[in-house]
Amino acid sequence: RSRDTQQNARYSAELLEADGLNSIILVAHSLDVPRASSFYAKSGLNVVMAPIAIPHQEIDLPEDLVPGIAALTTSCHASYELAGMLVQVILPQLLH
């Protein structure tokens, strides 16, 4: 029924509230958690964040300093989430 995270949060809140529940544990990729948790919180739910796939930050070998495809993938994902957060802030202002 939902087409995006915002709708999923709204519909989930409706279903949970019908059963008398108002808290969730949000398990999502660490890059998705900030944006997704805000949608669930705005839907009236108490959100406990449980991020997964936290990017590896340690430098063990000199090769770790050389950009690779994994870094590009992470950058792409982070850019997507940043764009989503900007739309989340800007779009409501444009509609009013």
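Here's a quick rundown of the structure.

The rules we used
Residues numbered from 1 in each chain as written. Predicted model: local features only at pLDDT ≥ 70, side-chain atom pairs only at ≥ 80, totals over all residues. Heavy atoms only, no water. Helix = DSSP H or I, 4+ residues; strand = E, 2+ residues; numbered from the N terminus. Rg over C-alpha atoms; globule rule 2.2 N^0.38 Å. Buried < 20%, exposed > 50% of the residue type's maximum accessible area, 1.4 Å probe, protein only. Contact = heavy atoms within 4.5 Å. Areas by Shrake-Rupley, 256 points an atom, 1.4 Å probe, with all protein chains shown as cover. Lys, Arg positive; Asp, Glu negative; His and termini not counted. Charge placed at Lys NZ, Arg CZ, Asp CG, Glu CD.

Some remarks on the overall build of the protein chain
A count of helices and strands for the protein chain gives three helices and two strands. In sequence order, the protein chain lays out its α and β elements as α-β-α-β-α. Taken against the 2.2 N^0.38 rule, which gives 12 Å for 96 residues, the C-alpha radius of gyration of the protein chain at 17 Å runs more than 25% over that of a compact globule. C-alpha extents for the protein chain along the principal axes are approximately 55 × 30 × 20 Å. For the protein chain, the residues scored as buried account for 19% of the 96 residues in total. Contacts spanning at least 24 positions in sequence make up 52% of the contacts within the protein chain whose residues lie at least 6 apart. As presented, the protein chain carries roughly 7200 Å² of accessible surface, and 63% of it is formed by carbon and sulfur atoms. For the protein chain, the centre of its 5 positive side-chain charges and the centre of its 10 negative side-chain charges are spaced 18 Å apart.

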